[in-house]
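Architecture and fold: a report
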Amino acid sequence: MDNQYKIKSNRESGDGRFDVSLIPRERRHPGIILELKWKSNIGESMLEHLADDALSQIDELNKNYGKK
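For the structure given in this document, a descriptive report is provided here. Just so we're clear, the structure is a prediction, and the values are computed from it rather than from any experiment.

This next bit is on unusual backbone geometry. The backbone of Asn41 sits at a positive phi, close to 50°, despite the residue not being glycine. Among the secondary structure elements, Asn41 is positioned in the loop between strand S3 (32–34) and helix H1 (44–66).

Another point: the environment of Ile58. Looking at the secondary structure, you find Ile58 in helix H1. For Ile58 and Leu34, which are 24 residues apart along the polypeptide, the C-alpha to C-alpha distance reads 8.6 Å. Not counting residues within four places of it along the chain, the set of residues in contact with Ile58 comprises Ile33 and Glu35.

On to the side chain of Ser21. Tracing the backbone shows Ser21 in strand S2 (residues 20–24). Classification of Ser21 as buried rests on a relative accessible area of 5%. Excluding anything up to four places from it in sequence, Ser21 contacts Lys6, Ile7, Lys8 and Ile32.

Reading the values: rules and limits
Residues numbered from 1 in each chain as written. Predicted model: local features only at pLDDT ≥ 70, side-chain atom pairs only at ≥ 80, totals over all residues. Heavy atoms only, no water. Helix = DSSP H or I, 4+ residues; strand = E, 2+ residues; numbered from the N terminus. Contact = heavy atoms within 4.5 Å. Buried < 20%, exposed > 50% of the residue type's maximum accessible area, 1.4 Å probe, protein only.

Listed below in structure tokens is the structure:
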């Protein structure tokens, strides 16, 4: 994927930024944002909660970038 994307990792956590982004080298490829969550020994409902948190964080990022 390195030939199609520039890969950027945000090593600082807890600052409201995504964890990994894949920035397309060509406009025909979609951009990809990864927000990673981790917790041990969780059930399905907690996993869904973490996924919802990650999606909310990505939505908030989109709102903030739209203001710039």
